[in-house]
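Summary of structural features
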Amino acid sequence: MSYELNQTAGTMAPVCLFLFVALLVGRLPLTGTEEEPGTPSSPSSSTATDGFFSSNCSQLTLKVDFSSRVVEHAGGDGSSSCNDTRWVQKWQSWQSSRPLRRTSLSLSSGFWHATGRHSSRRLLRAIPRHVAQILQADVLWQMGHTGSGVKVAVFDTGLSEKHPHFKNVKERTNWTNEKTLDDGLGHGTFVAGVIASMRECQGFAPDSELHIFRVFTNNQVSYTSWFLDAFNYAILKKIDVLNLSIGGPDFMDHPFVDKVWELTANRVIMVSAIGNDGPLYGTLNNPADQMDVIGVGGIDFEDNIARFSSRGMTTWELPGGYGRVKPDIVTYGSGVRGSGMKEGCRSLSGTSVASPVVAGAVTLLASTVLNRELVNPASMKQALIASARRLPGVNMFEQGHGKLDLLRAYQILNSYRPQASLSPSYIDLTECPYMWPYCSQPIYYGGMPTIVNVTILNGMGVTGRIVDKPIWQPYLPQNGDHIDVAVSYSPVLWPWAGYLAVSISVAKKAASWEGIAQGHVMLTVASPAENDSAVGGEMISTVKLPVKVKIVPTPPRSKRVLWDQYHNLRYPPGYFPRDNLRMKNDPLDWNGDHIHTNFRDMYQHLRSMGYFVEVLGSPITCFDASQYGTLLMVDSEEEYFPEEITKLRRDIDNGLSLIIFSDWYNTSVMRKVKFYDENTRQWWMPDTGGANIPALNDLISVWGMAFSDGLYEGDFTMADHDMYYASGCSIARFPEDGVVIAQTLKDQGLEVLKQETAVVDNVPVLGLYQTPSEGGGRIALYGDSNCIDDSHRQKDCFWLLDALLQYTSYGVTPPSLLHSQNKVTPPAGTDKPLPERLEGNHLYRYSKVLEAHLGDPKPRPLPACPHLSWAKPQPLNETAPSNLWKHQKLLSVDIDKVELPNVGAYRPQVRPLSPGESGAWDIPGGIMPGRYNQEVGQTIPMFAFLGAMVVLSFFVVQLTKSRSKPKRRKPRIKRPLYLQQQQQQTPHTGRNPTV
């Protein structure tokens, strides 16, 4: 008997040992078949498991049909209409009724990043991407916080009624014109899963109260009116957190924007994706670009900014000075796992993913705060940005305040006191790369003021005000008196936020000085006290904004370039088409046309060449031309005041030079590219082309110059450089003593209008001209701006810009152009009429120059030039702080007092696996969040126990064979406890020791 036992144990022990180890690391499936993780399942083959859908939507169904709205209240047993839409592996871009209006923010190509049938399972098993565990949400789960009591709304494509991942779907509502509540696309299910899934691909807050708002159809269509109705219902239901994994460039959709303000004013914390238009700058989507909304960008699991993640700054404030810092925060958005449409898990990339990660974290954090009155849109944003971990080597328009840190945010929230704070919390023009673009160019006397747009967050109340005026206090030991500061600010802080615009300039006494200057702006914010006992009282919070700048002596005129921003228009509000007509999927010009947005690479290049680039945000009449070598006009859509035309002619006669990069303008093509907008039920026709050629021709006509309405494209070589002409125009008229370069190009206008192809020789594209007056400036014209525009640039022409600046600033004509084989006789322009403005255009609606008038629009009166009111300094004879950026940015918060408890004392309760469900992708230990059992014996699965016993038998056999005295060893009953403690020490691995 003893012999048989030993023989059996000796034979089976290695096999059982392997089985035991494999079970521990989750390598072997516990069911007959296992779906490849990350592989999409067809809805036709996916079935819900009834035993694991613990939603409240299970008894009596009440459906109300009003204006195509279907409402299903919690507790229904009836069936709702289902979609038979099958899964589509290849997705197209989400498009609302208006191109680039408001869309889903998942990546359009390769929408679901599935693992694939032949991918290595070992890698996925070893490194599961459970984003909730990576961000250490399980620490809060084991403290008993799982989102309970928090209402979270998902505005997306719906959710199936019996999805096995959700146990607390309180309500599903449909606001579209389709008669279904289910998700026929999978996008909304994925987003909801990241927030509140309770199994497999675990969400952050599985016990939260989930409200599903279906606002997109299966054809990926939505309307503003649907959102407005759904938003009203969310206010009625007193939603706490609302996720919008959607966005669009239309920040002037006033009903939508106003309703978002109303939502946040009603204490709804709105989290929204910033967009998937990266790495281009100036591509933030609305509503993520609003002050009261938490805008979320994406990173990968190596903490690199995702290429697709949109970049700041916000662009709707550009006409007023400068944009704000956005995103607010970044988190994982690349290759994240979430719920499949019917069951199982899939991987997805996009800011659509990053947004619900933050929304889930916010929901979980809100459930940890005992006094829920402290939780509001401002206090939550303050906690998130104050706790964020800054990523090295990344600027603020890419990462905002940094990477989401869930546990640190928990500590801050639980020691939070209502207060005001600033975003950014300091201004340091010497800190690179984080403070790019401010740190990329020092300031000097006579330069345009540097404008920093700071957001004031008011955690004390939905409304507030700034008491008296902000105070400028320079530090005298740090040369603070060498700078002047002007401040403008919101008269009322509502909802929860306002702006503080800080303009910084160099004092005259520092015109030839070089060094660092420091000071700070101090302001006091007051809000009505919400406590009934303090009737008429106010809550007060004082904050300081440290300022640090680098000053250099004023550079020579030849090195100073002035960028004309005032005459650039963009979508919204009007239809301003793209400069490259080949970009049919991106038809609107909406990136701001600023040196820090879609002309960022050009700006960086000019800085590397030693030029100082300033921005003109006012009419041409408002700058001192004697200070600048070249005025740079690129892609101008605006008209010009008569006074501007007169002043520019005088300035050029006195030595200012001009470079113009133009674009296409053809009234027939403009009529061709019109489209019908279903939201407004109107035809949209462009009010200009890529540039406003008739206005430019008025500006330069005095020198006998003009652009044509020809539309050309093609590849060519100029001065040994490969070039691409993308929907540019030609030079129609030029002085006979000028230099003109021509190329052979395709007639793109003929292709657009008649679908015919023609090649045109000797198309004049570049002109250089020295004005005849003594000491006069020089003029350079080029017919296409796409080669310096980051939006759709194929081949850059920065070398050409260098050559033109050498010509305009120093009078040096590049020999490669002067002696080019493509040099032609300047066109006289008498054989063809010059372009006319489109008859019946509505440019006056959006123009700063034109106003409506009977007949043709007329110029408005010339506005007064802006004059800043410099703050009276209150000097401080004390040393400035050496480190402006401190990780702790909030007052009255000591996170060291909020300790995280020892989570090792908690042990999750085991739940059974559903048929077809893989334990390898489940939550650690099969956690049912909110349910715990400290009795260790109940936490050991049968397979692990049997495996341990087999291993014990193996060692008994080996010791018997050796016939030696057995060594003292630990009791085997403690083996599972050791494994349990090991698992609790590494909760982020996603492995299941009990399997």
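Figured I'd write up the structure that's included with this text. (Residues numbered from 1 in each chain as written. Predicted model: local features only at pLDDT ≥ 70, side-chain atom pairs only at ≥ 80, totals over all residues. Heavy atoms only, no water.)

Moving on, we get to helix α11 (residues 406-413). Here α11 lies mainly inside the structure; eight of its eight residues are buried. Every buried residue belonging to α11 is among Leu 406, Leu 407, Arg 408, Ala 409, Tyr 410, Gln 411, Ile 412 and Leu 413, and all of these are buried. Against the buried residues of α11 lie α4 (137-142), α8 (351-366) and α9 (377-387). (Buried < 20%, exposed > 50% of the residue type's maximum accessible area, 1.4 Å probe, protein only. Helix = DSSP H or I, 4+ residues; strand = E, 2+ residues; numbered from the N terminus. Contact = heavy atoms within 4.5 Å.)

Turning next to the packing of aromatic side chains. Ring pairs (aromatic) are described by centroid distance and by the angle formed between their planes. Under the criterion given, the structure shown has 27 aromatic pairs. Seen from their ring centres, Phe 216 and Phe 227 are 6.3 Å apart, and the 80° between their planes marks the pair as edge-to-face. Of this pair, Phe 216 sits in the loop between β6 (209-214) and α6 (224-236) while Phe 227 sits in helix α6, placing them eleven residues apart in sequence. Considered together, Phe 216 and Phe 227 belong to a single accessibility category, that of buried residues. (Phe/Tyr/Trp six-rings, centres within 6.5 Å; stacked < 30°, edge-to-face > 60°.)

With respect to burial, strand β29 (residues 712-718) is a largely interior element, five of its seven residues being buried. Where β29 lies against strand β30 (residues 721-728), six bridges are found, and the strand directions are antiparallel. Note that in β30 the partner of Met 718 across the bridge is His 721. Where β29 and strand β32 (residues 739-747) come together, two bridges link them in antiparallel fashion. Within the sheet, the bridge partner assigned to Glu 713 lies in β32 and is Lys 746. (Pairing = 2+ DSSP bridges.)

Close approach of charged atoms allows side chains of opposite charge to pair. By the definition in use, this model includes 28 salt bridges. With its nearest N and O atoms 3.8 Å apart, the salt bridge here joins Asp 709 to Lys 832. A residue pair is termed long-range when its members are at least 10 positions apart, and Asp 709 in the loop between β28 (706-707) and β29 and Lys 832 in the loop between β35 (823-824) and β36 (850-851) qualify at 123 residues. In this structure, a network of salt bridges that share partners links the residues Arg 582, Glu 713, Lys 746 and Glu 751. (Salt bridge = Lys/Arg side-chain N within 4 Å of Asp/Glu carboxyl O.)

This part covers the state of the cysteines. Inspection of the entire model under this criterion finds four disulfides. Two residues, Cys 622 and Cys 865, share a disulfide whose sulfurs are 2.0 Å apart. The disulfide joining Cys 622 to Cys 865 has a torsion of about -90° about its S-S bond and is therefore left-handed. Note that Cys 622 is positioned in the loop between β23 (612-616) and β24 (630-634) and Cys 865 in the loop between β37 (858-859) and α19 (942-962), a separation of 243 residues in sequence. Numbered by order of appearance in the sequence, the disulfide-linked cysteines of the protein pair as 1-2, 3-4, 5-8, 6-7. (Disulfide = S-S within 2.5 Å.)

The next thing to look at is the pairing of β6. Regular strands show a simple pattern: their side chains alternate between the two faces of the sheet. For β6, a buried count of six out of six residues is recorded, marking the element as mostly surrounded by other parts of the structure. Judged by which residues are buried, β6 turns out to be covered on both faces: Glu 209, His 211 and Phe 213 on one side and Leu 210, Ile 212 and Arg 214 on the other are all buried. Sheet topology note: the strand β4 (residues 151-156)/β6 ladder contains six bridges and is parallel. The residue bridging Asp 156 from the neighbouring strand is Arg 214, located in β6. In the sheet, strand β5 (residues 169-174) pairs with β6 via five bridges, with the strands oriented parallel.

Without other data, these values stay purely geometric and don't point to any function.
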